[in-house]
Amino acid sequence: MSQLLVVGTVATDDIETPYGKESNVLGGSATYFAAGASYFTPVRIVGVVGEDFQIERLAFLKRRGVDLAGIEVIPGGKTFHWSGRYHHDLNHRDTLSTDLNVLETFQPDLPAEWRDTPYLFLGNIDPVLQRQVLEQMKRPKLVAADTMNFWISSVRAELAKTLARVDALIVNDEEARQLAGTPNLVKAAHAIRAMGPKTVVIKKGEHGALLFHEDKVFFAPAYPLEDVRDPTGAGDTFAGGFYGYIARAGRTDGATLRNAVLYGSALASFCVEAFGPAALETLTMKQVELRVEAFRDLTRVEELR
Ligand code: AMP
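Here the structure is a predicted model, which is why all the values come from computation and not from measurement.

## Points about the overall build of the protein chain
Logical step 1: Counting its regular elements, the protein chain contains 11 helices and 13 strands.
Logical step 2: Relative to its length of 305 residues, the protein chain is compact, with a C-alpha radius of gyration of 18 Å against a globular reference of 19 Å.
Logical step 3: Its C-alpha atoms give the protein chain principal-axis dimensions of about 70 × 40 × 40 Å.
Logical step 4: Taken over 305 residues, the protein chain has a buried fraction of 53%.
Logical step 5: Carbon together with sulfur atoms contributes 49% to the accessible area of the protein chain, which is approximately 13,600 Å² in total.

## Examining the site of the ligand
Logical step 1: Around the ligand, 19 residues are found, and the nearest of them are Asp13, Gly28, Arg93, Gly233 and Asp236.
Logical step 2: Asp236 places a polar side-chain atom, nitrogen or oxygen, 2.7 Å from an oxygen atom of the ligand.
Logical step 3: Isolated, the ligand exposes 500 Å² of accessible area, and the fraction of that covered by the protein chains is 95%.
Logical step 4: Of all the secondary-structure elements, those providing two or more residues to the shell around the ligand are strand 2 (11-17), helix 4 (149-154) and helix 8 (234-249).

## A word on the side chain of Gln136
Logical step 1: Following the sequence through the fold, Gln136 ends up in helix 3 (residues 127-136).
Logical step 2: What makes Gln136 buried here is its relative accessible area of 17%.
Logical step 3: Leaving out residues up to four positions away in the same chain, Gln136 has contacts with Pro108, Asp109, Leu110 and Arg115.

## Some details on unusual backbone geometry
Logical step 1: In the Ramachandran plot, Arg139 falls in the positive-phi region, its phi being about 40 degrees despite a non-glycine side chain.
Logical step 2: Inspection of the secondary structure puts Arg139 in the loop between helix 3 and strand 9 (142-146).
Logical step 3: What makes Arg139 exposed here is its relative accessible area of 80%.

## As for the sheet that holds strand 13 (residues 216-220)
Logical step 1: Taking strand neighbours across the sheet as the criterion, the nine strands line up as 5-4-1-8-9-10-11-12-13 in an open arrangement whose pairing is mixed. In this open sheet, the two strands that pair with only one neighbour each are strand 5 (66-74) and strand 13. Sheet twist, expressed as the mean angle between neighbouring strand axes with direction ignored, is 15 degrees.
Logical step 2: Note: strand 1 (residues 4-7) against strand 4 (residues 43-50), four bridges, orientation parallel. Bridging across to strand 4, Val7 finds its partner in Val46.
Logical step 3: Relative to strand 8 (residues 119-122), helix 3 is tilted by about 165 degrees, and along the sheet it contacts strand 1, strand 8 and strand 9.
Logical step 4: Sheet strands in contact with helix 8 are strand 1, strand 8, strand 9, strand 10 (168-172), strand 11 (199-203) and strand 12 (209-213), and its direction is about 165 degrees off that of strand 8.

## Regarding the environment of Pro42
Logical step 1: Along the chain, Pro42 turns up in the loop between helix 1 (29-37) and strand 4.
Logical step 2: Along the chain, Pro42 and His207 lie 165 residues apart, while their C-alpha atoms are 30 Å from each other.

## Looking at the pattern of salt bridges
Logical step 1: In total, this model carries 11 salt bridges according to the counting rule given.
Logical step 2: For Arg165, the salt bridge identified is with Glu135, shortest N-O distance 3.1 Å. Of the two residues, Arg165 sits in the loop between helix 5 (156-163) and strand 10 while Glu135 sits in helix 3, which places them 30 residues apart along the sequence.
Logical step 3: With a relative accessible area of 40%, Arg165 lands in the partly exposed category.
Logical step 4: Among the residues examined, Glu135 registers a relative accessible area of 52% and is labelled exposed.
Logical step 5: Residues Arg251 and Asp253 are paired through a salt bridge, measuring 3.1 Å at the closest nitrogen-oxygen approach.
Logical step 6: Residue class for Arg251 comes out partly exposed when judged on its relative accessible area of 47%.
Logical step 7: On the basis of relative accessible area, Asp253 is assigned to the partly exposed category, the value being 31%.
Logical step 8: Linked through salt bridges whose partners overlap, the residues forming this network are Arg131, Glu158 and Lys161.

Rules behind the numbers
- Residues numbered from 1 in each chain as written.
- Predicted model: local features only at pLDDT ≥ 70, side-chain atom pairs only at ≥ 80, totals over all residues.
- Heavy atoms only, no water.
- Helix = DSSP H or I, 4+ residues; strand = E, 2+ residues; numbered from the N terminus.
- Rg over C-alpha atoms; globule rule 2.2 N^0.38 Å.
- Buried < 20%, exposed > 50% of the residue type's maximum accessible area, 1.4 Å probe, protein only.
- Areas by Shrake-Rupley, 256 points an atom, 1.4 Å probe, with all protein chains shown as cover.
- Near = heavy atom within 4 Å.
- Polar contact = N/O pair within 3.5 Å; in protein donor to acceptor, adjacent residues only side chain to side chain.
- Contact = heavy atoms within 4.5 Å.
- Pairing = 2+ DSSP bridges.
- Axes fitted to C-alpha atoms, helices over the stretch in contact; angles between N-to-C directions.
- Salt bridge = Lys/Arg side-chain N within 4 Å of Asp/Glu carboxyl O.

On their own, these measurements won't tell you what the molecule is for.
Below is the structure:
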């Protein structure tokens, strides 16, 4: 089994959706990513929290085989905090605040025995930190990354340097448009590929995900759900499922990537059913497999004779 290392945020979030409001919810890009990837392969998290963070909140990840040894706890420090409000259609959200806190002075230092991990995921975090982690790794087999509007607008030049060294980028539609400077997603994907990543996945929230790989485009819908409560973390959970599947397969051919999109979409569809990562805490692989089957059925069209 191929090990996977993720660097990203471990956070507490305040979230408001049309279905409720909750504060101090467990969050962070690395948290959701690790949850998604843990269904396929052993995961190692690199990140930072403050002394205010209750590390036992990550116990569900540990139970799923996630190694938390790379999470640094800063004495007296405050954990990264994000607060957001979703619009009525849930596909749009406003960030109300981003408090970097311990992230501002974080200097990732990878355990020596983690440096030859074959699959590296540079989760949504400061692109300078993404690169610091990349530089400590010994020739990873594959490097994938995610980013967010916050970093695209504040440190674009640093992000460009990171992207130049990335094999696959997974972003949402708004971020793809912002990064490429064009409203058309096909053109945006081509522009992003010219920046470095040869494989690009564009997530479109409840409208599914597009995969651009070699000269092919693949599309998977999002699963139509009646009960969506909180989309926070769906993108990271998708990325975790997608990349975890690839790490387990050990291949990046077209068929593997298409199946990876389905597994990522299935995992994300569970994430949105409850606030924070709550739905992922009890989710079984059997449930994931059933939803992947439901996904395959969703767009299967028999030809009439
Ligand atoms: P997603 O909904 O998949 O985009 O991920 C939401 C998670 O990303 C939340 O749990 C936040 O804590 C985390 N987050 C929000 N803003 C940032 C940021 N600028 N950098 C890293 N992580 C962030």
